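Here's the letter readout for the chains.
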Amino acid sequence: MRTLLKIGKYLSLFIVVVLVLGIGALISLRMYSQQQNAAAYAIDSARGINESGYVNIGGIEQWVQIRGQNRDNPVLLVLHGGPGASLRHLTKSFIPWEKDFTVVHWDQRGAGKTLASTGASIAETMSVDRMTRDGIEVAQYLRTRLHKEKITILGHSWGSILGINMAKRRPDLFNAFVGTGQVADMPRSVRMDYAQVLAQAQAANDQETTRALTEIGSPPFENRHQLEVFFGSMDKYPPASDRAAMDTIKSTLMSPPPGYSLRDVWDSYRGFMVVPSVRLYNEMLSTRLASLGPNFEIPIFFMHGSDDNLTQASLTEEYFKSIKAPHKEMVLLEGGGHFAFLSMPDRFLKDLVNRVRPYAMR
């Protein structure tokens, strides 16, 4: 028995050493990759801009990143999804955009470096209204900082809710709105999503997911457990396009932008998975953008994946048809999912430059 305990002790020690060495090797590889990537992120043009830092927005310090090859280009404010899903770690995916736009990433309240500056208690202040007002303040800051009369908004998923609200409240600040993964009628969409993923699980004889979905019942959801089961089940059956997008997102953990630390990785995770309150999720999932009225004073563009399994394309098209705007275009990206801007980067950027940029230049 004494011999077995000794063997167990040495075996446990060996496993700990191997784990420590393995983690150390991964961290070293990550740091090396980060250093090697630095040249790809460099902006060397005389008229270029590459700056980031905290700006006082909504009474708290919020992180804003500004990058572009030419300050004369139109400004594109990217509103990330989530809530809490900062896109700053995906900066590399936006480098091709920087030739034609000055691209701004803003870590919203409860996300990324903004979350790092405030702590998780900020969740109690997060709402559509508060974060819409934050977004308007960011736009005003960018107009002054970059000497622009107006800027363009691109909102993804949750960000499309904020973007539509911003365009409604302060059309004088913006020359166009672009929505992707565009929200329309979330109560109807979530009911359709639930029925779809339940049918997919049943067809795959996935008894675990079928049982979990049946136990939480159909939406609306009342607690975090139901939300986690629902979104976790959706993640098991993404369209092919979104599987490719997830590979892009995961690859950034080992090949991140310069200065993107392991703390940033942690804040990115908890901003999306931990911080948002059930109240905020329920506010998002009860959104019906048509209730804001059909009239817009700026051009509206929807660039939406045909296979989006979260914000159903049929509902986005229905909302688009109801809109009255000086100019509007609905681009249905065939085969694209909820993250079409990542999985179909060339097609997405081509439409952004050819369709949106002429209006963004005005």
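Remember, it's a predicted structure, so these values are computed and weren't measured experimentally.

(A) Focus on unusual backbone geometry. Cis rather than trans, the peptide bond between Gly82 and Pro83 has omega equal to 5°. Checked against the element boundaries, Pro83 lands in the loop between strand S3 (75-79) and helix H2 (91-94). Put simply, Pro219 and Pro220 share a cis peptide bond, and its omega is 10°. With respect to the secondary-structure elements, Pro220 resides in the loop between helix H7 (207-216) and helix H8 (224-236). A positive phi angle, near 55°, is found at Ser157, a position not held by glycine. One can find Ser157 in the loop between strand S5 (151-156) and helix H5 (158-169). By relative accessible area, Ser157 is classed as buried at 10%.

(B) View of the environment of Ser251. Along the chain, Ser251 turns up in helix H9 (residues 240-251). Owing to a relative accessible area of 40%, Ser251 belongs among the partly exposed residues under this scheme.

(C) Representation of the side chain of Glu329. Along the chain, Glu329 turns up in strand S8 (residues 328-333). Setting aside residues no more than four positions away along its own chain, Glu329 makes contact with Ile300, Phe301, Phe302, Phe320 and Arg355.

(D) Structural context of the nonpolar core. Core analysis: the biggest nonpolar cluster contains 64 residues, and Leu77, Leu142, Trp158, Phe174 and Tyr319 have the highest contact counts within it. Per element, the largest residue contribution to this core is seven residues, and it comes from helix H4 (residues 128-146). Contact partners of Phe174, with chain neighbours within four places excluded, come to Ala139, Lys150, Ile151, Ile153, Met166, Ala167 and Ile298.

(E) Examining the sheet that holds strand S4 (residues 102-107) more closely. Taking strand neighbours across the sheet as the criterion, the eight strands line up as S1-S2-S4-S3-S5-S6-S7-S8 in an open arrangement whose pairing is mixed. Both outer strands of the open sheet, strand S1 (49-57) and S8, are each paired with one neighbouring strand and no more. Geometrically, the sheet is characterised by an average inter-axis angle of 20° between neighbouring strands, direction not taken into account. Alignment of S3 against S5, held across four bridges, turns out to be parallel. Paired with Leu77 across the two strands is Ile153, which belongs to S5. Here H5 sits on the sheet in contact with S3, S5 and strand S6 (174-180), set at roughly 145° to S5. Together, strand S7 (300-305) and S8 form the strand contacts of helix H12 (residues 313-322), whose direction differs from that of S8 by roughly 165°.

(F) Expanded view of the pattern of salt bridges. Considering all chains together, one arrives at 21 salt bridges under this definition. Between Asp134 and Arg130 there is a salt bridge whose closest N-O contact spans 2.9 Å. Here the residue Asp134 and the residue Arg130 both occupy positions in helix H4, the gap between them amounting to four residues, near one helical turn. Each member of the pair, Asp134 together with Arg130, is buried. Under the relative-accessibility criterion, Arg130 is labelled buried at 15%. One connected set of salt bridges, linked through shared partners, spans Arg88, Asp107, Lys113 and Asp264.

Analysis parameters
Residues numbered from 1 in each chain as written. Predicted model: local features only at pLDDT ≥ 70, side-chain atom pairs only at ≥ 80, totals over all residues. Heavy atoms only, no water. Helix = DSSP H or I, 4+ residues; strand = E, 2+ residues; numbered from the N terminus. Buried < 20%, exposed > 50% of the residue type's maximum accessible area, 1.4 Å probe, protein only. Contact = heavy atoms within 4.5 Å. Core = buried A, V, L, I, M, F, W, Y, C linked by side-chain atoms within 4.5 Å. Pairing = 2+ DSSP bridges. Axes fitted to C-alpha atoms, helices over the stretch in contact; angles between N-to-C directions. Salt bridge = Lys/Arg side-chain N within 4 Å of Asp/Glu carboxyl O.

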